[in-house]
Amino acid sequence: MLVLAADTSEKSAGAALVDGCKVLAEVNAEAKPHSETLMPIIDKLFALTGKKLCDVDLFAATSGPGSFTGLRIGAATVMGLADGTDKPLAGVPTLLAMAHSAGAAPDGVFIVPMMDAKRSEVYAAVYKTENGFPVLQSGMAACPVTELLHLAAGFDASRVLFTGEGADIYREEILKIFPFAEFAAPPHNRIRAASVALCALREKPDGISLTYLRKPQAERERDNVKK
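What counts and what doesn't
Residues numbered from 1 in each chain as written. Predicted model: local features only at pLDDT ≥ 70, side-chain atom pairs only at ≥ 80, totals over all residues. Heavy atoms only, no water. Pairing = 2+ DSSP bridges. Helix = DSSP H or I, 4+ residues; strand = E, 2+ residues; numbered from the N terminus. Axes fitted to C-alpha atoms, helices over the stretch in contact; angles between N-to-C directions. Contact = heavy atoms within 4.5 Å. Core = buried A, V, L, I, M, F, W, Y, C linked by side-chain atoms within 4.5 Å. Buried < 20%, exposed > 50% of the residue type's maximum accessible area, 1.4 Å probe, protein only. Parallel < 35°, antiparallel > 145°, perpendicular 65-115°, else oblique. Left-handed = near helix turned anticlockwise from the far one by under 90°. Nonpolar A, V, L, I, M, F, W, Y, C, P; charged D, E, K, R; others polar. Right-handed = clockwise from strand over helix to strand, strands pointing away. Salt bridge = Lys/Arg side-chain N within 4 Å of Asp/Glu carboxyl O.

**Q** So, the sheet that holds strand β3 (residues 22–29): which residues are in play, and what are the values?
**A** What the five strands build is an open sheet, ordered β3-β2-β1-β4-β5; its pairing is mixed. In this open sheet, the two edge strands, each paired with only one partner strand, are β3 and β5 (89–92). The sheet shows a mean angle of 15 degrees between the axes of neighbouring strands, direction not considered. When strand β1 (residues 2–7) meets strand β2 (residues 13–19), the two strands line up antiparallel, connected through six bridges. Bridged to Val-3 within β2 is Val-18. Against the sheet, helix α2 (residues 68–85) makes contact with β1, β4 (58–62) and β5, and its axis sits at roughly 170 degrees relative to β4, the strand it touches most.

The following block contains the structure:
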C-alpha cells in the first residue's frame, strides 16, 4: 500500500511516500509558511520516486496537538488530495508519530514525546513500546512540565526515553526527576513524516479530526480581555 503522509504540526513541514514498510522518499524542511512549502515538497516526492498522485492508496496527516494554523494546513492539503482521487484518509496523533520517530526501542521502554506549548507548558503523553510499536499509556495533555514528569514517574519504568523540542528545552528539569533519563538523538528527536505514514497504516482511515488540547492563542487572549 502506497501512503502519502504530511506533517505541519511544528516549525518544519514534511511529507513522505511509504510503500508498505519501505520509505521511498521523505522531505522535511524547517521553512515557513507551511501553506507555500508543503505542496512543493509533495511534488518533489513524486518527482524523486516516479510515482503519481493516482498511485497513492492512503493519505495521512498529523491530527494534533500542535500549531493551530499548521495542523489545519496539513489536514486541508491531504483532504483535498484524498477527495480529488477518491482515496481514504487517516489522521495520526502528533505525539504518536513523535514517539514512533524516536526510533526502535526494546519492548517495555517508556517513551515520553514532548512538544513545546509555550508558557512553561508542554503537549505530551506517555507511551510504552509493545511489539515494537508505541502504545499510549496516558491521555494526551497540555500541562506544566512538572505535572507531566510526576505523572511519568508514577509508571513502573526501568527505562524512559524523552523526545521532542520540549525534552530539549526542559532537559534539566527532567534530569532532576529522572537522573538516568535517555534522550532521543537527532534526527530522531523530531517528527518524521515517514513515521506519520507508518503509523497511518494502523489507524482507521475515517478522515481527520483535529485535536488542539487548548484554545488557539488569539482566543485565549480574547478570553483574558473579557475577564
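Read on, since the account is not over.
**Q** Got a sec to walk through the nonpolar core? Specific residues and values, please.
**A** Counting residues in each nonpolar core, the largest one holds 32 residues, and the members touching the most others are Val-92, Leu-96, Ile-111, Tyr-127, Leu-161, Val-196 and Ala-200. At the level of secondary structure, the elements contributing two or more residues to this core comprise β1, β2, β4, β5, α3 (94–101), β6 (110–116) and α7 (193–200). For this core, the element with the highest residue contribution is α7, accounting for six residues. What Val-196 contacts, discounting residues up to four positions off in sequence, is Ala-5, Ala-6, Asp-7, Ala-61, Thr-62, Val-92, Ala-97 and Ile-191. Residues Ile-42, Val-56, Leu-81 and Ala-82 belong to the second largest nonpolar core, which totals 21 residues.

**Q** Now, about the packing of α3 against α7: what can you tell me, with residues and values included?
**A** As a packed pair, α3 and α7 sit with axes 8 Å apart at the nearest point and diverge in direction by 110 degrees. Of the possible angle classes, the one that applies to α3 and α7 is roughly perpendicular. Between α3 and α7 lies a crossing of right-handed hand. Counting all contacts with α3, which are made through Leu-96, Ala-97, His-100 and Ser-101, the residues of α7 involved are Ser-195, Val-196, Leu-198 and Cys-199. Broken down by class, the residue content of the contact of α3 with α7 amounts to five nonpolar, three polar and no charged.

**Q** Run through the pairing of β5, naming residues and quoting values.
**A** Remark: a regular strand shows side chains that alternate across the two faces of the sheet. Residues of β5 alternate between two faces, with Leu-89 and Gly-91 on one and Ala-90 and Val-92 on the opposite face, all of them buried. When β4 meets β5, the two strands line up parallel, connected through four bridges. Residue pairing across strands places Thr-62 opposite Val-92, the latter belonging to β5. After leaving β4, the chain enters α2 and then returns to the sheet as β5, a path that is right-handed.

**Q** Describe the environment of Arg-202, with residues and values.
**A** The topology assignment puts Arg-202 in the loop between α7 and α8 (217–226). In this structure Arg-202 comes out as exposed when scored by relative accessible area, which is 56%. Taking C-alpha positions, Arg-202 is 33 Å from Ser-120, a pair spaced 82 residues apart along the chain.

**Q** Before we move on, can you summarise the pattern of salt bridges with the specific residues and values?
**A** In this structure the tally under the stated criterion is five salt bridges. With a shortest N-O distance of 3.3 Å, Lys-11 and Glu-165 are connected by a salt bridge. Remark: Glu-165 occurs in helix α5 (residues 165–169) and Lys-11 occurs in the loop between β1 and β2; sequence separation between them is 154 residues. Using a relative accessible area of 41% as the deciding quantity, one classes Lys-11 as partly exposed. Among the ionic pairs, Arg-190 bridges to Asp-168, the shortest N-O distance being 3.0 Å. One end of the pair, Arg-190, is in the loop between β12 (182–183) and α7; the other, Asp-168, is in helix α5, with 22 residues separating them in the sequence.

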